[in-house]
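Understanding the architecture of this molecule
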Amino acid sequence: METHISSKGQITLPVAVRRKLRLKTGDVLAVRVTPEGKVVLEAKEKAGKEEGKEAEAALNILRETAGLWKEMRESGTAFTRRLRRKDNKRWKGLGLE
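Definitions and limits used
- Residues numbered from 1 in each chain as written.
- Predicted model: local features only at pLDDT ≥ 70, side-chain atom pairs only at ≥ 80, totals over all residues.
- Heavy atoms only, no water.
- Pairing = 2+ DSSP bridges.
- Helix = DSSP H or I, 4+ residues; strand = E, 2+ residues; numbered from the N terminus.
- pLDDT = per-residue confidence, 0-100.
- Patch = residues over 30% accessible without salt bridge, like charges linked within 9 Å, V, L, I, M, F, W, Y side chains within 5 Å.
- Areas by Shrake-Rupley, 256 points an atom, 1.4 Å probe, with all protein chains shown as cover.
- Salt bridge = Lys/Arg side-chain N within 4 Å of Asp/Glu carboxyl O.
- Buried < 20%, exposed > 50% of the residue type's maximum accessible area, 1.4 Å probe, protein only.

In the sheet, strand 1 (residues 29–33) pairs with strand 2 (residues 39–43) via 5 bridges, with the strands oriented antiparallel. Looking across to strand 2, one finds that Val33 is bridged to Val39. Once strand 1 ends, the chain turns through 5 residues before running back antiparallel as strand 2, passing Gly37 with a positive phi of about 90°.

Positive phi, normally seen in glycine, also occurs at Arg22, with a value near 55°. Its place among the elements puts Arg22 in the loop between helix 1 (15–21) and strand 1.

Before going further, it helps to examine the confidence of the model for the protein. In the predicted model, the protein carries a mean pLDDT of 85, and the fraction of residues at 70 or more is 93%. Summarising per-element confidence for the protein, the mean pLDDT is lowest in helix 2 (residues 47–65) (78) and highest in strand 1 (91).

Turning our eyes to something else, we now look at a nonpolar patch on the surface. Where nonpolar side chains cluster on the molecular surface, the patch consists of Ile5, Ile11, Val31, Val33, Val39 and Leu41 and spans about 590 Å² of accessible area. Within the residue set of the nonpolar patch, elements represented by two or more residues are strand 1 and strand 2. Looking at where Ile5 falls in the secondary structure, it is placed in the segment before helix 1.

Below, the discussion takes up the pattern of salt bridges. This model, assessed by the stated rule, comprises 4 salt bridges. Glu74 is the partner of Arg82 in a salt bridge, and the nearest nitrogen-oxygen pair spans 2.5 Å. A residue is classified by how much of its surface remains accessible, and Arg82, at 28% relative accessible area, is partly exposed. For Glu74, a relative accessible area of 28% puts it in the partly exposed group. We note a salt bridge from Arg90 to Asp87, for which the minimum N-O separation is 2.5 Å. Placement of the pair is Arg90 and Asp87 together in helix 3 (residues 76–94), with a separation of 3 residues, close to one helical turn. Take Arg90: its relative accessible area is 49%, and that puts it in the partly exposed class.

Okay, structure coming up:
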């Protein structure tokens with residue numbers, strides 16, 4: 001396969017290469033030059049996939065814990081303040097104010 005360099009220094013990857021590597025618009029390729037002068041393009045780990053996994057994990061946690069706080073007697077603000085007071089006492093005891 002061959003490709004050409006545009007006047008802006010851009011190259012077009014042939015569709016067969018993009019399909020084989022499952023590359024889409026916006027994907028990132030790492031570029032390096034070997035000691036022999038060869039240019040190597042490597043598909044980097046797709047951030048979108050990792051972000052998607054993290055988002056799905058967060059949604060699963062929310063689904064599993066939905067409704068757990070319904071019976072709570074204090075407000076969320078009061079609860080947070082109480083936790084922070086406990087943390088502040090612990091930090092003072094450790095000399096980490």
